[in-house]
Amino acid sequence: MSDTTIPVPGSVSGHAPSAPNAGAIAACRVLLNDSIARIAADSARIFADWEPEIAREEFRTGAENLAFYLAARQYDLTSLQSSLSVLGLSSLGRAESHLRQSLAAVSATLDGLSGLPARWPDPSELDAGLAQITRDQELFFGDYPGAHNTRIMVTVPPQGATDAGFVDELVASGASCFRINCAHDGPEAWAAMIANIRASAAKAKRHCPVLMDIAGPKCRIESIDQPGTRLFRGDQFRLMTRPGRKHDRMPSITITFPDIVTRLQTGLQVWIDDGKIGARVVDIIDGGAVLEVTVASDKGKKLKLEKGINFPAIDLEIDHLTPADLAVLPFVATHADIVGCSFVQRPDDIRGLTAALQQHRGEKPPQPLLLKIETALAVRNLPRLIVQAGSHQPVAVMIARGDLAMEVGAERLSEAQEEILWLCEAAHIPVVWATQVLETLLKTGAPSRAEVTDAAMGQRAECIMLNKGPYICETIRFLAGILRRMDRHQFKKTARLSALTSWRGPQPL
């Protein structure tokens, strides 16, 4: 046998393989048809609830596929997958953007194997979802011709307002879109950043959208009665609704949303400063609660003003737009290409933000929205959030893994980010992979091995976001190299069988 000959499964000594077992085919057809019938009925009920909201016809196909995908994933389909795999058919493991069509294709193949008339879906029906994702990828995240599929978003530092050459270098290094964090700087600096970005993109003959990220209602430490307190495991501190007089050595803090304190119960977990401090409620007291530190480094960790604080077990009933957000909306509505929605949790949050922006838009159409998924409630509501936003303007999703890890738990984060990727592909919308990507390289100039692997995993999203750091240009180029390599081997969940380069020629023992 030559090196290039591929044996036919089931063949022996050149004889033709035996025909598939007719009983196995029939049983698989029954299982498949029953599954299709159940899924179709369930998805029709889901979509019926959504349809009155849909005002954008280009979103309808994605919404229909999302409803079908959600209906299918309510069931355990592993037995069906096994039955299909035994017959050499698709196990449906990469069908997020076209699940209905994939089931129809498999059904047609089983019909053909059974000697019945078979009708396969048009190939264009299977490609439509990914084509829509690709169009919106360029709308949201710009272009980077001839390089890699996944785009690179860069958070603009203050230098971007004063140094046009620095922005030129970011674009030349491979940045394709730019994020302005509205929690920092102000309109004068933002206007200068945008002007430099537009000029750099024009010189490079590139489309580089500007995302303005509205800060949203992030809960933070507002006061500390003993500034600089370093906490160790086993230490206790008070979380109070309002500042009070210092009574003993136990430190007390207040937060920006004091009503949350009144909802605390013993046993609840609290996270501070992106998980650097973990604590559990051990007692409810007049005007607050006592917490005991359960997670901290051996050197301890200081309590600091403005650090975020997360309450994973509590669905925060707080207004989505803060007074500070409302103050920046006139600028955002008239300057941003994309609006980032931080801490969006409910469809009403999207309605309120869209209406507030439109007050300053005049006759202009609604701006595309990037939904930042940062809480457990947002994960649970994600289909409704996508439909609410996508029904009226282009929409994309950011997996904001910092706060999300605190909300769903570090152990659950990996599963949650995969599920978000799948759900967004089913809805035909693009995704950003965000938070601390190549952070060590950004800050120190040398990447960690774990970060390189994380960046490679991010290639399955349509965009990867980088934060600020002194080695930003080097990091962009490093990430672009990873993405070029991974594009040869992976697209979404599909492995590409490109030629391997690590082993060439015969491999003698």
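Before any of the text, the structure's been laid out above.
One numbering rule holds for all chains: residues counted from 1, following each sequence as written. Two thresholds apply to this predicted model, a pLDDT of at least 70 for residue-level local features and 80 or more for giving and counting side-chain atom pairs, whereas whole-chain, interface and lining totals are computed over all residues. In computing side-chain properties, one takes all heavy atoms of the structure into account and sets aside hydrogens as well as water.

A few words on the sheet that holds strand β13 (residues 338–341). Here, any two strands with at least 2 DSSP bridges between them count as paired. In DSSP terms, a helix is any run of H or I states spanning at least four residues, a strand is any run of E spanning at least two, and both are numbered starting from the N terminus. Here we have eight strands rolled up into a closed barrel, ordered β1-β2-β3-β13-β14-β15-β16-β17, and parallel in their pairing. Taking each pair of neighbouring strands and ignoring which way they run, the sheet shows an average axis angle of 25 degrees. Pairing of strand β15 (residues 395–400) with strand β16 (residues 431–434), which is carried by four bridges, proceeds in the parallel orientation. Bridge pairing links Ile399 to Trp433 in β16. Contacts were defined at the residue level, with two residues in contact if any of their heavy atoms lie within 4.5 Å. The axes used here are C-alpha line fits, helices contributing only the stretch in contact, and every angle between their N-to-C directions lies in the interval 0 to 180 degrees. The sheet contacts of helix α12 (residues 382–390) involve β14 (369–373) and β15, and relative to β14 the element is tilted by about 165 degrees. Sitting on the sheet, helix α13 (residues 401–408) is in contact with β14, β15 and β16, with an inclination near 65 degrees to β15.

Here we have seven strands laid out as an open sheet, ordered β4-β7-β6-β10-β9-β8-β12, and mixed in their pairing. Taken across any chain shown, the strands that pair with only one partner, and hence form the sheet edges, are β4 (221–224) and β12 (309–310). Here three bridges tie β4 to strand β7 (residues 252–255), and the two strands are oriented antiparallel to one another. Bridged to Ile221 within β7 is Ile255.

A word on the packing of aromatic side chains. Paired rings are identified among Phe, Tyr and Trp, the last through its six-membered ring, by centres lying within 6.5 Å, and are further divided according to the angle between planes into stacked (under 30 degrees), edge-to-face (over 60) and tilted (the rest). Scanning the model with the defined rule gives two aromatic pairs in all. The interplanar angle of 45 degrees and the centroid separation of 5.8 Å between the aromatic rings of Phe140 and Phe141 together place this pair among those described as tilted. Phe141 carries the same exposure label as Phe140, and that label is buried. Both a distance and an angle decide whether a charge sits over a ring: NZ of Lys or CZ of Arg must be within 6 Å of the ring centre and within 35 degrees of the ring normal. Over the aromatic face of Tyr75 sits the side chain of Arg38, whose NZ or CZ is 4.7 Å from the ring centroid. If you follow Lys493 out to its NZ or CZ, it ends over the ring of Trp422, 4.6 Å from the centre. Burial status follows relative accessibility: with a 1.4 Å probe on protein chains alone, a residue under 20% of its type maximum counts as buried, one over 50% as exposed, and anything between as partly exposed.

None of the figures reported here should be taken as evidence of function without further support.
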